[in-house]
Amino acid sequence: DQQVKQNSPSLSVQEGRISILNCDYTNSMFDYFLWYKKYPAEGPTFLISISSIKDKNEDGRFTVFLNKSAKHLSLHIVPSQPGDSAVYFCAAEDGSGNTGKLIFGQGTTLQVKP
Amino acid sequence: DSGVTQTPKHLITATGQRVTLRCSPRSGDLSVYWYQQSLDQGLQFLIQYYNGEERAKGNILERFSAQQFPDLHSELNLSSLELGDSALYFCASSVSGIGPQHFGDGTRLSIL
């Protein structure tokens, strides 16, 4: 039973355009969400996060939107750059157990074409 | 560079053997997490330690065990290895027991 789902295995966009990566979750106890970027042969790198009390968080070119009623979040990258090409993971933290346990989605491979 | 150090980077061994993976967290981080990434699965949480104490457990097999030492480094022990244990094992750390985690580059374990 996958509690965090990234339904698009891959996404291809043109340099300079917007990249939108999507993530759905099923557990209403999740109260904190994170996005990680991963290059080959490296560990995941933390990008941006959002608490369930907010619906938007912005950091430079990266914005995360949270729709709690739909149990959906998305990561917007504007403008997209070739260096953004990587695998992006959505993750959720269960707030009920006071632990840092993260539940990860399967990842979306983003390719930004020059 | 995340500041989290994992050794070794690669490990090749045979079925039935035992291995130890090591993780040094970022300076100042008290919590350490272990994740497994198999080919056909995403990152799966195994176990979390906070300041030497076990904080949370995921789907960690009984053949696997971990500990966090007084200097806060952690070791993940995998025993009676099976072919299906071949995976990338990531360690992450965080300042407190919640919030953003910073990952090492992983140990790739190959069972022959």
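Residues numbered from 1 in each chain as written. Chains lettered and ligands numbered in written order. Predicted model: local features only at pLDDT ≥ 70, side-chain atom pairs only at ≥ 80, totals over all residues. Heavy atoms only, no water.

1. Quick word on the interface of chain A and chain B
In this complex, chain A contributes 18 residues to the contact, which on the side of chain B involves 20 residues. Here chain A meets chain B over a buried area of about 1500 Å², counting both sides, of which 60% is carbon and sulfur. Looking only at chain A, the three residues that lose the most surface to chain B are A:Pro44, A:Lys101 and A:Phe104, adding up to 27% of its buried area. Taken together, the connections running from chain A to chain B amount to 7 residue pairs in polar contact (both at pLDDT 80 or more). Counting residues per element, the side of chain A that touches chain B draws most heavily on strand β4 (residues 30–38) of chain A, which supplies 4 residues. (Contact = heavy atoms within 4.5 Å. Buried area = accessible area lost by both parts, 1.4 Å probe. Polar contact = N/O pair within 3.5 Å; in protein donor to acceptor, adjacent residues only side chain to side chain. Helix = DSSP H or I, 4+ residues; strand = E, 2+ residues; numbered from the N terminus.)

2. Points about unusual backbone geometry
Here the residue pair A:Val78 and A:Pro79 is connected by a cis peptide bond, since its omega of -10 degrees sits within 30 degrees of zero. If you trace the backbone, A:Pro79 turns up in the loop between β8 (72–77) and β9 (86–94). Between B:Thr7 and B:Pro8 the backbone carries a cis peptide bond, its omega angle lying at -10 degrees. Although it is not a glycine, B:Leu72 sits at a positive phi angle of roughly 80 degrees. If you trace the backbone, B:Leu72 turns up in the loop between β7 (64–68) and β8 (74–78). Overall, the relative accessible area of 16% leaves B:Leu72 in the buried class. (Buried < 20%, exposed > 50% of the residue type's maximum accessible area, 1.4 Å probe, protein only.)

3. Topic: the state of the cysteines
One covalent bond between the sulfur atoms of two cysteine residues makes up a disulfide. For the structure shown, the criterion picks out 2 disulfides over all chains. Two residues, A:Cys23 and A:Cys90, share a disulfide whose sulfurs are 2.0 Å apart. Between A:Cys23 and A:Cys90, the S-S torsion sits near -70 degrees, and that sign places the bridge as left-handed. One end of the pair, A:Cys23, is in strand β3 (residues 19–25); the other, A:Cys90, is in strand β9, with 67 residues separating them in the sequence. Like A:Cys90, A:Cys23 is buried. Put simply, B:Cys23 and B:Cys91 are joined by a disulfide, and their sulfur atoms are 1.8 Å apart. As the torsion about the S-S bond is roughly -55 degrees, the B:Cys23-B:Cys91 disulfide counts as left-handed. Of this pair, B:Cys23 sits in strand β3 (residues 19–24) while B:Cys91 is found in strand β9 (residues 87–94), placing the two residues 68 residues apart along the sequence. In this pair, the class of B:Cys23 matches that of B:Cys91, namely buried. (Disulfide = S-S within 2.5 Å.)

4. A look at the pairing of β8(B)
Residue and element names in this part refer to chain B. The element β8 is extensively covered by neighbouring structure, given that 5 of its 5 residues are classed as buried. Across the two faces of β8 the burial is the same, with Ser74, Leu76 and Leu78 and Glu75 and Asn77 all buried. In this structure, β3 lies alongside β8, joined through 5 bridges in antiparallel fashion. By the bridge assignment, cysteine 23 is partnered in β8 with serine 74. Across 5 bridges, β7 lies against β8 in antiparallel orientation. Considered in β8, the bridge of alanine 66 is made with leucine 76. (Pairing = 2+ DSSP bridges.)

5. Regarding the layout of surface pockets
One water molecule sets the probe size; rolling that probe over the atoms shows where empty space is left. By volume, the largest pocket is sized at about 500 Å³. Along the wall of the largest pocket there are 21 residues; nearest its centre are A:Lys38, B:Gln37, B:Ala87, B:Leu88 and B:Arg108. Breaking the lining of the largest pocket down by element, the ones donating at least two residues are β9 and β11 (107–111) of chain B. Of the residues belonging to the lining of the largest pocket, the class tally is 6 nonpolar, 9 polar and 6 charged. (1 Å grid on protein atoms, 1.4 Å probe; cavity = no way out; pocket = protein on both sides within 12 Å on 5 of 7 lines; lining within 4 Å. Points joined across faces, edges and corners; volume = space filled by probe spheres on them. Nonpolar A, V, L, I, M, F, W, Y, C, P; charged D, E, K, R; others polar.)

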